[in-house]
Amino acid sequence: MGEIKRTFGLLFGAFFLSLFVGIAWAVVDTSTIGKLVERIAQSIGTLSPSPFHNFLRIFLHNTTVAAMVTLSGLFFGIGPWLMVGFNGLVVGIVVGYFGKRGFPLEKIVLALVPHGVVEIPAFILAGTGGILWYREIKRAENPGHGFKKGMKIALKLYLVSVAMLLLAAFIEAYITPKVAGIG
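**Student:** So what exactly am I meant to see when it comes to the packing of aromatic side chains here?
**Tutor:** The relation between two aromatic rings is expressed through the spacing of the ring centres and the mutual angle of the planes. Scanning the model with the defined rule gives 10 aromatic pairs in all. Arranged with centres 6.3 Å apart and planes meeting at 10 degrees, the rings of F55 and F59 form a pair that is stacked. Here F59 and F55 lie together in helix α3 (residues 51-72), a separation of 4 residues that amounts to about one turn. Looking at F55, the relative accessible area reads 12%, which means it is buried. Owing to a relative accessible area of 17%, F59 belongs among the buried residues under this scheme.

Okay, here's the thing in structure tokens:
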């Protein structure tokens, strides 16, 4: 349990460090960041008028990303660090960009925090599972045994993250638009 907490805490720290780097980058280089934010918005696409459709779309997308974060741990334990860091950078860029453009801080916070307090830890937990999976392979005398043992740990953490992502998708589809005044 200590290794899970320690790895989770370090990944959480990496997320926030990259978040602050993203905010700083957006404040300093608004022209480049403006183009990036446009690309991000295009990749997300438009939301459906149906909250249930949005809920399903968000949940399926996020569970797929969480699976990729977990599996990326098999790449020498580095993948989750990169994916969580990239996610923090993107969130920071968006926050910094809209903050720099004069959007009220309360609105930015209300658009991200209600579901983000569940969604971000879910991704970090999935990444923790991937890192621990790799570590089990590395430290096992028999890599096949380490693979199976690590996979069990990773799968348990992934399933917890899926339950968290179910809650986060519900909040993002039904609650966030109302509290942030964007739906």
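Next comes the rest of the description.
**Student:** I tried to follow unusual backbone geometry on my own but got confused; where do I start?
**Tutor:** With glycine set apart, most residues show a phi of negative sign, and most peptide bonds adopt trans. Despite not being glycine, F76 has its phi angle at roughly 60 degrees, a positive value. Within the secondary structure, F76 is located in the loop between α3 and α4 (79-100).

**Student:** Mind showing me how you'd approach the nonpolar core here?
**Tutor:** Across soluble globular proteins, you tend to see nonpolar side chains buried next to one another. The biggest cluster of nonpolar side chains holds 14 residues, and the ones touching the most others in it are F59, A66, F123, L165 and A169. Broken down by element, this core gets its largest block of residues, 6 residues, from α3. In contact with A66, other than residues within four places in its own chain, are F123, A126, Y158, S161 and L165. Ranked by size, the runner-up nonpolar core spans 6 residues in total, among them L11, I120, I124 and I131.

**Student:** Would you mind going over the side chain of T176 with me for this structure?
**Tutor:** Take T176: it is sitting in helix α6 (residues 143-180). When residues no more than four places from it in sequence are discounted, the contact partners of T176 are L110, A111, P114, H115, I171, G181 and I182.

**Student:** Looking at this model, I keep getting lost on the pattern of salt bridges. Mind explaining?
**Tutor:** Any two side chains of opposite charge can pair if their charged atoms end up close together. The final tally for this structure, using the stated rule, is 4 salt bridges. Across the salt bridge formed by E136 and R139, the nearest N and O atoms sit 3.1 Å from each other. Placement of the pair is E136 and R139 together in helix α5 (residues 105-139), with a separation of 3 residues, close to one helical turn. Here E136 falls in the buried class, since its relative accessible area comes to 9%. Here the residues in one salt-bridge network are E3, R135, E136, R139 and K149, joined through shared partners.

**Student:** Quick question: what am I supposed to make of the packing of helix α1 (residues 2-28) against helix α2 (residues 30-44) here?
**Tutor:** In a packed pair of helices, the relevant descriptors are the angle between the two axes and the axis-to-axis distance. In contact at an axis separation of 6 Å, α1 and α2 are set at 115 degrees when each is read in the N-to-C sense. From α1, W25, A26, V27 and V28 reach across to α2, where they touch T30, I33 and L36. Along the lines of polarity and charge, the residues of the contact of α1 with α2 split into 6 nonpolar, 1 polar and no charged.

Analysis parameters
Residues numbered from 1 in each chain as written. Predicted model: local features only at pLDDT ≥ 70, side-chain atom pairs only at ≥ 80, totals over all residues. Heavy atoms only, no water. Phe/Tyr/Trp six-rings, centres within 6.5 Å; stacked < 30°, edge-to-face > 60°. Helix = DSSP H or I, 4+ residues; strand = E, 2+ residues; numbered from the N terminus. Buried < 20%, exposed > 50% of the residue type's maximum accessible area, 1.4 Å probe, protein only. Core = buried A, V, L, I, M, F, W, Y, C linked by side-chain atoms within 4.5 Å. Contact = heavy atoms within 4.5 Å. Salt bridge = Lys/Arg side-chain N within 4 Å of Asp/Glu carboxyl O. Axes fitted to C-alpha atoms, helices over the stretch in contact; angles between N-to-C directions. Nonpolar A, V, L, I, M, F, W, Y, C, P; charged D, E, K, R; others polar.

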